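Residue-level structural notes
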Amino acid sequence: MSPQPRPGQAHDAPAGSGEPDARQLTEAVTRLRRSLRASIRTDYPWESLPMAQVELLQALAEHSPARVGDLATRQRLAFSTVSGLVTQMINTGLVARATDPKDRRASAVTLTDTGRHQLAAWNAAHEQRLSSALQALPDEDRAAIRAALPALLRIADLLGPDAPEGR
């Protein structure tokens, strides 16, 4: 019988399981998000939206209007968490709540013009920061990133809320 791993300790992976790739990809994504977020706040001090609010704005930009429950499911968050975030975002003018056009008994959330502009500014700031970093890389690194993008997007799809269960 093999010993159980301590909390936070990984199981040993069988040979060929791909775990080193998954570990490296996890590290890369985590470091990229952290570094990008920190550099954005340094270079663009006005950028102060919490990531959870940005992700809700992105979800609403893709699927709007949306009920709070649908947003919670899509973002894989608790209803109460999303409800609290939506209330904060209503108070700052980023989103509005209105009667759901599909069911007059329910309400739905939509992006406001302010929310759309804030999301566009957030996207532009991140694209500019990444563009600067990409330009600092050698041509072969930029080519490798460009070649990897379709596979990375497919991984995102496989992990997304619309992915089939069991993957």
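First, a word on what this report is: a plain description of the structure on this page. (Residues numbered from 1 in each chain as written. Predicted model: local features only at pLDDT ≥ 70, side-chain atom pairs only at ≥ 80, totals over all residues. Heavy atoms only, no water.)

When helices and strands are counted, the protein shows six helices and two strands. The order of helices and strands in the protein, counted from the N terminus, is α-α-α-α-β-β-α-α. Expressed as a percentage of the 167 residues in the protein, the buried residues total 22%. Within the protein, counting contacts between residues at least 6 apart in sequence, those at least 24 apart form 48% of the total. By element, 55% of the accessible surface of the protein is carried by carbon and sulfur atoms, the whole surface being about 11,800 Å². (Helix = DSSP H or I, 4+ residues; strand = E, 2+ residues; numbered from the N terminus. Buried < 20%, exposed > 50% of the residue type's maximum accessible area, 1.4 Å probe, protein only. Contact = heavy atoms within 4.5 Å. Areas by Shrake-Rupley, 256 points an atom, 1.4 Å probe, with all protein chains shown as cover.)

Attention now moves to the pattern of salt bridges. Here the structure, examined in full by the defined rule, presents five salt bridges. We note a salt bridge from Arg23 to Glu19, for which the minimum N-O separation is 2.9 Å. Here the residue Arg23 and the residue Glu19 both occupy positions in helix α1 (residues 19-43), the gap between them amounting to four residues, near one helical turn. Look at Arg23 and you get partly exposed, because its relative accessible area is 48%. For Glu27, the salt bridge identified is with Arg31, shortest N-O distance 3.4 Å. (Salt bridge = Lys/Arg side-chain N within 4 Å of Asp/Glu carboxyl O.)

Moving on: the pairing of strand β1 (residues 95-100). As defined by bridge partners, β1 adjoins strand β2 (residues 103-111) across six bridges and the pair is classed as antiparallel. Bridging across to β2, Thr99 finds its partner in Ser107. Taking the residues that link successive antiparallel strands as the turn, the β1-β2 hairpin has two residues. (Pairing = 2+ DSSP bridges.)

So, about the environment of His63. Among the secondary structure elements, His63 is positioned in the loop between α2 (51-62) and α3 (68-75). Taking the C-alpha atoms as reference, His63 lies 8.9 Å from Thr110; in sequence the two are 47 residues apart.

Turning our attention to the layout of surface pockets. Approximately 2,400 Å³ is the volume attributed to the largest pocket. Along its surface, the largest pocket is lined by 46 residues, and Val29, Leu32, Arg33, Leu153 and Ala156 are the ones closest to its centre. Taken together, the elements giving at least two residues each to the lining of the largest pocket come down to α1, α2, α3, α5 (113-135) and α6 (139-159). Of all the elements, α6 adds the most residues to the lining of the largest pocket, at 11 residues. (1 Å grid on protein atoms, 1.4 Å probe; cavity = no way out; pocket = protein on both sides within 12 Å on 5 of 7 lines; lining within 4 Å. Points joined across faces, edges and corners; volume = space filled by probe spheres on them.)

With respect to the helices, strands and loops of the structure, His126 is situated in helix α5. Residue classification places His126 among the buried positions, given a relative accessible area of 7%. Apart from residues no more than four positions distant in its own chain, His126 is found in contact with Leu36, Arg37 and Ile40.

Glancing now at the environment of Ala120. With respect to the secondary-structure elements, Ala120 resides in helix α5. Judged by relative accessible area, which is 44%, Ala120 ranks as partly exposed. Each C-alpha atom, one on Ala120 and one on Gln58, is 9.8 Å from the other, the two residues being 62 residues apart in sequence.

The end-to-end C-alpha distance of α2, which contains 12 residues, comes to 17 Å, matching closely the 16 Å that a straight helix rising 1.5 Å per residue would cover. Of all the positions in α2, only Gln53, Val54, Leu56, Leu57, Ala59 and Leu60 are classed as buried. Lining the buried residues of α2 we find α3, α4 (79-91), β1, β2 and α5. (Expected span 1.5 Å × (residues − 1).)

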